[in-house]
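# Results of the structural survey
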Amino acid sequence: MEDWSSKPGDRVVRRPREQQLSPVLITVSPPRSRTYSLTSPFLVLYIFFALIVVSTLVLLLPFMHEGSGFTPFMEAFFTAVSAITVTGLVVQETATYWTPAGQIAILGMIFVGGMSFMVTVIFLVALTGKRLKFSQRIQSQGVLHIDQVADLRRLILTLTILMTGIQFIGFLLLLSRFWFLLPPGEAIFQAAFHSVSGFNNAGFVILPGSESFSSYQLDRIVLSITAILVLLGATSYWVIVDIGRTGSFTLMSLNTKLVIIFSLVLIFSGSTFFFLAEYDNGRTIGTLGLGDKIIVSIFESMSGRTAGFTTIGWSAGQIEQHTKFFFTILMFIGGASGSVAGGIKINTLAIVLIGLLSTFRGIIRPRVFGREIPKVQIQSALTLLLSGIIVVFLTTLVITFAESQVDFVEVFFEVVSALGTAGLT
């Protein structure tokens, strides 16, 4: 038996006498419309969409490129997307196609894009005084790999200051070298541009008369400074803070330990493979001395995986096919989580390998450095890895059908470079 109250939406259900203790009130609430506030995750998409639109409009202006008339839309749009996402792929040479005003605009896009999407969102929300939802703080916690959500705003501000400070130091170091190679005004601009591009792993280069860093292949100072900037940017802000705070490997977080170990492994393996594979190749490093071969190999390993700077030509017929294939795998891995680098992330690779090794050894609960890896974290890493493989496979297949005259390895290399925002082409 049911009695309906006079209040809309409320219904009183009466149980049989033997079960009746008290009326049970059931409130039927009308469906609520879905709303998206400025603090929703969609803010990430809104911000990046707005940045790309504004950047494209800026690059469309006539004085942004050499020559007369407005910039063709595709050149402006592609360059804006590549700069905001710190990818580094271009359809026109940055040093010759864009005017100084256009290059300054691209420099600003790289700096803003390099803050990383979640760090940018949280920082902007903090600046506008909006309150972060707990769910968003947890999301940010996952991106930055922090153990506490307390005082997150101060953390983001600290990371932003740290990022800017590293780029400023890189500017001073590069300026100390370019000052003796270029006119003063150009030396200042070149140092600023390549410090920002290097740390943000963007791969944009405006060096005069040089294809990427080819003219500086024997300049160990420029290559070393650039490689260090690339490494710091691909390591992630939180890892840098953790290293500076603890100062001891044993006191570092598990995430920091894994990033350090696997970064060194990838750098060493990439350098060794490049050195051995290209040792006698006269089109790359075959004519260099032993010391320069080692320096270039290390630079290509550190930069090719995430940034896209290069001292050699990666086009067909110049570099060995097996070298190109090996570096495609490195680009697919990318840098650390929470960094400006792309790829599936070093953290993902580390967790997957730990899980596989534990499975082979029959260990139910994988542990590393005395810490247990939750099963859900391993599942998430496997999902990300599989998703990346599927995207690369399908995209490569489509482009292979559309561009049948291009070799498969070339298409595969280009797809992974774009997906991993590495910038090699």
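A few points on the structure. Think of each chain on its own: its residues are numbered from 1, step by step along the sequence as written. Reporting in this predicted model follows two pLDDT cut-offs: at least 70 for local features of residues, and 80 or more for side-chain atom pairs to be given and counted; totals over whole chains, interfaces and linings ignore these cut-offs and use all residues. Heavy atoms throughout the structure, all of them, feed into the side-chain values; hydrogens and water do not.

## Thoughts on the overall build of the protein chain
Using the following cut-off: Secondary structure is summarised from DSSP: a helix means a run of H or I of at least four residues, a strand means a run of E of at least two, and numbering begins at the N terminus for each. Exposure classes here rest on a 1.4 Å probe applied to the protein chains alone. A residue is buried below 20% of its type maximum, exposed above 50%, and partly exposed in between. Here, two residues are considered to be in contact whenever any of their heavy atoms come within 4.5 Å of each other.
Helix and strand content of the protein chain: 16 helices and 5 strands. Here the protein chain holds 425 residues, and the buried ones make up 47% of them. By sequence separation, contacts in the protein chain at least 24 residues apart represent 63% of the contacts at least 6 residues apart.

## With respect to the environment of Val81
Relative to the assigned elements, Val81 resides in helix H2 (residues 73–84). For Val81, a relative accessible area of 26% gives the class partly exposed.

## What about the nonpolar core?
Note on soluble globular proteins: their nonpolar side chains tend to be buried together. To be explicit about the condition: The nonpolar core is taken to be a set of buried Ala, Val, Leu, Ile, Met, Phe, Trp, Tyr and Cys residues, with the residues joined through side-chain atoms within 4.5 Å.
Leu258, Phe274, Trp314 and Ile373 are the most contacted members of the largest nonpolar core, which totals 35 residues. Elements with a minimum of two residues in this core: helix H11 (254–277), helix H13 (321–333), helix H14 (346–360), helix H15 (375–402) and helix H16 (408–419). Sorting elements by how many residues they give to this core places H14 first, with 6 residues. Apart from the residues lying within four places of it in its own chain, the contact partners of Phe274 are Tyr279, Ile285, Val296, Ser297, Glu300, Ile312, Trp314, Ile319, Thr323 and Phe327. The next biggest cluster of nonpolar side chains, apart from the first, holds 31 residues, and it includes Phe199, Val205, Phe213 and Ala227.

## Focus on the side chain of Thr310
Quick note on the threshold: Under the rule applied, a polar contact is a pair of N or O atoms within 3.5 Å (in protein, one hydrogen donor and one hydrogen acceptor; residues adjacent in sequence only if both atoms are side-chain atoms).
In this structure, Thr310 sits in the loop between helix H12 (290–304) and H13. Here Glu300 takes part through its side chain, which lies 3.1 Å from a polar atom of the side chain of Thr310.

## Description of the packing of helix H4 (residues 100–113) against helix H8 (residues 184–199)
Convention followed: Axis angles are defined between N-to-C directions and span 0 to 180 degrees, where every axis is a line fitted to C-alpha atoms and, for a helix, only to the segment in contact. Roughly parallel means an angle under 35 degrees; roughly antiparallel means over 145; roughly perpendicular covers 65 to 115; every other angle is labelled oblique. Take the far helix as your reference; a near helix turned counterclockwise from it by less than a right angle gives a left-handed crossing, and one turned clockwise gives a right-handed crossing. Any residue outside Ala, Val, Leu, Ile, Met, Phe, Trp, Tyr, Cys, Pro, Asp, Glu, Lys and Arg is labelled polar, Gly included; the first ten of those are nonpolar and the last four are charged.
Interaxial distance between H4 and H8 falls to 9 Å at its minimum, and their mutual angle equals 30°. Relative to H8, the element H4 lies roughly parallel. For the pair H4 and H8, the crossing hand works out as left-handed. Of the residues in H8, those touching H4 at Pro100, Gln103, Ile104, Ile106, Leu107, Ile110 and Phe111 are Phe189, Ala192, Phe193, Val196 and Ser197. Taken together, the residues that form the contact of H4 with H8 break down as 10 nonpolar, 2 polar and no charged.

## As for the packing of H11 against H13
Where H11 contacts H13, the two axes come as close as 10 Å, and the packing angle between them is 165°. When the axis of H11 is compared with that of H13, the two are roughly antiparallel. In the packing of H11 onto H13, the handedness of the crossing is left-handed. The residues of H13 that touch H11, namely those facing Leu266, Ser269, Gly270, Phe273, Phe274 and Ala277, are His322, Thr323, Phe326, Phe327, Leu330 and Ile333. The class makeup of the residues in the contact of H11 with H13 is 8 nonpolar, 4 polar and no charged.

## Observations concerning the packing of aromatic side chains
To keep things clear, this is the line we draw: The criterion for an aromatic pair is that two Phe, Tyr or Trp rings (for Trp, the six-membered ring) have centres within 6.5 Å, with stacked assigned to planes under 30 degrees apart, edge-to-face to planes over 60 apart and tilted to the rest. Two limits define a charge over a ring: the Lys NZ or Arg CZ must be within 6 Å of the ring centre, and within 35 degrees of the ring normal.
Scanning the entire structure with this criterion turns up 14 aromatic pairs. On the numbers, 5.9 Å between centres and 70° between planes, the contact of Phe249 with Phe369 is edge-to-face. Pair noted here: Phe249 is in the loop between helix H10 (237–246) and H11 and Phe369 is in the loop between strand E4 (367–368) and strand E5 (371–372), with a separation of 120 residues, a long-range link. Both rings, one in Phe325 and one in Phe412, keep their centres 6.0 Å apart while their planes meet at 35°; by these two values the pair is tilted. With Phe325 in helix H13 and Phe412 in helix H16, this pair connects stretches of sequence that are 87 residues apart. What makes Phe412 buried here is its relative accessible area of 18%. Among the aromatic side chains, those forming a connected cluster through ring pairs are Phe273, Phe274, Phe326 and Phe327. Residue placement shows Lys257 over the ring face of Phe249; its charged tip is 5.7 Å from the ring centre.

## Regarding unusual backbone geometry
The phi dihedral of Ser212 is positive, around 55°, even though this residue is not glycine. As for its position among the elements, Ser212 is in the loop between H8 and helix H9 (220–235). A positive phi angle, close to 55°, is found at Phe369, a residue other than glycine.

## Some points on the pattern of salt bridges
Heads up, the rule is: For this analysis, a salt bridge means a side-chain nitrogen from Lys or Arg found within 4 Å of a carboxyl oxygen belonging to Asp or Glu.
Counted according to the given criterion, the structure contains 4 salt bridges. A salt bridge links Glu410 to Lys324; the shortest N-O distance between them is 2.9 Å. Residue Glu410 is located in helix H16, and its partner Lys324 is located in helix H13; the two are separated by 86 residues in the primary sequence. The same class applies to Glu410 and to Lys324, which are both buried.

## Some points on H9
Selection criterion: Expected span of a helix, by definition, is 1.5 Å for each gap between consecutive residues, and there is one gap fewer than residues.
When the terminal C-alpha atoms of H9 are compared, their 22 Å separation across 16 residues agrees well with the 22 Å that a helix rising 1.5 Å per residue should span. All of the buried residues along H9 are Val222, Leu223, Ile225, Thr226, Ala227, Leu229, Val230, Gly233, Ala234 and Thr235.

Keep in mind that these numbers describe shape and distance, not what the molecule does.
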